[in-house]
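Listed here are the chains, written in short residue letters.
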Amino acid sequence: MRPGPVARRTLALVAVLALLMTGACGGGEQAEAHNDTDVMFLQMGLAQIAEGDRIAQAVERRATDPEVRAVATELRGAWRTEAPMMRGWLQVWGKPMTAAPDQKLHAGHGDLHSLREEDFTGLGDLAGAEFDRAATALLLANLHNAMETIRMQAADGAYPQAVELAERMTESRQNQIQRLLRV
Amino acid sequence: MRRRFTLSVLTGTAVAGSLLVAVSPASAHGYISSPPSRQANCASGAVSGCGDIIYEPQSVEAPKGSTQCNGGGSRFAVLNDTSKAWPAATVGTSVTFNWVITARHATSTWEYFIGGTRLASFNDNGAQPGATKSHTVSLAGFSGRQTVLARWNIADTINAFYSCVDVNIGGTGGNPTPTPTPTVSPTTSPKPTPTPTATSGTTTWAAGTAYQVGARVTYNGVAYQCRQAHTALVGWEPPYTAALWSAV
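Here the structure is a predicted model, which means the values were calculated and not measured.

1. Notes on the overall build of chain A
For step 1, the next point in the chain: Within chain A, the regular secondary structure consists of 6 helices and 0 strands.
For step 2, the next point in the chain: Secondary structure of chain A in N-to-C order comes out as α-α-α-α-α-α.
For step 3, the next point in the chain: Partitioning the contacts of chain A with sequence separation of at least 6, the portion at a separation of at least 24 is 73%.

2. Regarding the overall build of chain B
For step 1, the next point in the chain: Along its length, chain B carries 2 helices and 15 strands.
For step 2, the next point in the chain: The burial tally for chain B puts 38% of its 248 residues in the buried class.
For step 3, the next point in the chain: Contacts in chain B between residues at least 24 apart in sequence constitute 60% of all its contacts with a sequence separation of at least 6.

3. Some thoughts on the nonpolar core
For step 1, the next point in the chain: Core analysis: the largest hydrophobic core is formed by 79 residues, its most contacted members being V59, A135, L138, L139 and L140 of chain A together with A150 of chain B.
For step 2, the next point in the chain: Examining the composition of this core, we find that 14 residues originate from one element, helix 5 (residues 128-156) of chain A, more than from any other.
For step 3, the next point in the chain: With near-sequence residues (within four places) excluded, A150 of chain B lies in contact with I32, F97, W110, Y112, S163 and V165 of chain B.
For step 4, the next point in the chain: Judged by nonpolar contacts, the second largest core, of 9 residues, contains Y211, V217, C226 and A232 of chain B.

4. With respect to the sheet that holds strand 4 (residues 94-101) of chain B
For step 1, the next point in the chain: The strand order across the open sheet formed by 3 strands is 1-4-7 (chain B), and the pairing between neighbours is antiparallel. Among the strands making up the open sheet, the edge pair consists of strand 1 (30-34) and strand 7 (132-138) of chain B. The sheet shows a mean angle of 35 degrees between the axes of neighbouring strands, taken without regard to direction.
For step 2, the next point in the chain: Alignment of strand 1 of chain B against strand 4 of chain B, held across 4 bridges, turns out to be antiparallel. Each bridged residue has a counterpart across the sheet, and for S34 of chain B the counterpart in strand 4 of chain B is N98 of chain B.
For step 3, the next point in the chain: The strands that helix 5 of chain A touches are strand 1, strand 4 and strand 7 of chain B; relative to strand 4 of chain B, the one it contacts most, it runs at about 35 degrees.

5. A look at the pairing of strand 6 (residues 117-123) of chain B
Residues and elements named next belong to chain B.
For step 1, the next point in the chain: Examined bridge by bridge, strand 5 (residues 107-114) and strand 6 share 6 bridges and lie antiparallel to one another. Following the sheet pairing, T109 is matched in strand 6 by N123.
For step 2, the next point in the chain: Between strand 5 and strand 6, which follow one another and run antiparallel, lie 2 residues, and G115 among them has a positive phi close to 55 degrees.

6. A look at the sheet that holds strand 10 (residues 203-204) of chain B
Strand pairing in a sheet is mediated by backbone hydrogen bonds. Such pairs are either parallel or antiparallel.
For step 1, the next point in the chain: What the 4 strands build is an open sheet, ordered 10-12-13-15 (chain B); its pairing is mixed. Across the chains shown, the open sheet's two edge strands, defined by having one partner strand only, are strand 10 and strand 15 (245-247) of chain B.

7. As for the packing of helix 5 of chain A against helix 6 (residues 160-182) of chain A
Residue and element names in this part refer to chain A.
For step 1, the next point in the chain: With their axes 9 Å apart at the nearest point, helix 5 and helix 6 run at an angle of 155 degrees to one another. When the interaxial angle is binned, helix 5 and helix 6 end up roughly antiparallel. With respect to the hand of their crossing, helix 5 and helix 6 are arranged in left-handed fashion. Contacts between helix 5 and helix 6 pair T136, L139, L140, L143, A146, M147, I150, R151, Q153 and A154 from the former with A162, V163, A166, E167, M169, T170, R173, Q176, I177 and L180 from the latter.
For step 2, the next point in the chain: Within the contact of helix 5 with helix 6, the residues separate by chemical class into 13 nonpolar, 4 polar and 3 charged.

How each quantity is defined
Residues numbered from 1 in each chain as written. Chains lettered and ligands numbered in written order. Predicted model: local features only at pLDDT ≥ 70, side-chain atom pairs only at ≥ 80, totals over all residues. Helix = DSSP H or I, 4+ residues; strand = E, 2+ residues; numbered from the N terminus. Contact = placed C-beta atoms within 7 Å. Buried ≥ 20, exposed ≤ 12 C-beta atoms within 10 Å, placed from the backbone. Core = buried A, V, L, I, M, F, W, Y, C linked by C-beta atoms within 7 Å. Pairing = 2+ DSSP bridges. Axes fitted to C-alpha atoms, helices over the stretch in contact; angles between N-to-C directions. Parallel < 35°, antiparallel > 145°, perpendicular 65-115°, else oblique. Left-handed = near helix turned anticlockwise from the far one by under 90°. Nonpolar A, V, L, I, M, F, W, Y, C, P; charged D, E, K, R; others polar.

Next up, the structure:
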């Protein structure tokens, strides 16, 4: 994203917020504010996209079903547009690109939003219909997790552009999920 | 004006950590994708009028031991609706059920039933499943149209995940009505259904409801008051989300 007047103004606001939060006095006006849901959506969404892209890459290269390959290609195209926008907002807000990993959050719930290396190597051992079935299951799981984050943002996010993005993502991801389920 | 803004920033920061805790268990779970379970047929658009399940077919979670397709309770009751034209997949006497897993819960068993008969049980002894899961189950002794109930019993919670799969064993039973044509064309998506808002008075906590500060609910017989406006998700139950609810 090209830094323009809006970005500069938002950066100034971030600086003011930092002062306020450390207890110092400061002044400033509230521009389009963001909330914790926006930040969580962007951080978790970027992690989900990164993981989904690895699966989709393997699908593009190796799936036998042309519809599955088509969905993977379409997803990768959408992510190439969405991810830079999402990173841009975090950058402007001065937030890290990833949330601090905390295993305690996941206690008893397996490895949320994170496939293991063995899952990718496991895919490498499969071929034909078996590969298609396993890769489609991984891609669907990734999209279902992403959909929960996206719908959380659509309901509770504050930053208008991020809420709009989540609404667009809800429509396109649901369409892609439907096509994968019909294969 | 500035003071109010400062306060809201601080409040927001204070709940951030707890919200992160709250969101994790929400992204959980799993369902049978093939042959398509009822929730898969809802999510794919093969069956219409399903409600919110279309966005989270993996979330049919309820206490263990139910024989209902939604696991009992009030959520996702559409899955129990026998008047709906659930498509039945034509299968042989041996069927491989494939799961989509969105969280690897430590697992005690995977059980499969037709009516009151348990067809199979796979004991994982508390292990976490792999990223995908498949079971091959014999349906010997059954024919025609049947509903297979699958239960994924979680080792470290009181809950299970439920999936019902309608099958036509041997292809002899036929469908009660012709297999419905998908009502959603591949190029369009359904609009999200509006989020219900909690009305005044005390209600039973329900996922999908938008709660305002001060709203009162009961959950498992305990009364709670909302501390932070939010839309409830499965996994954000009041006992686990101190940032959102306080017991009263």
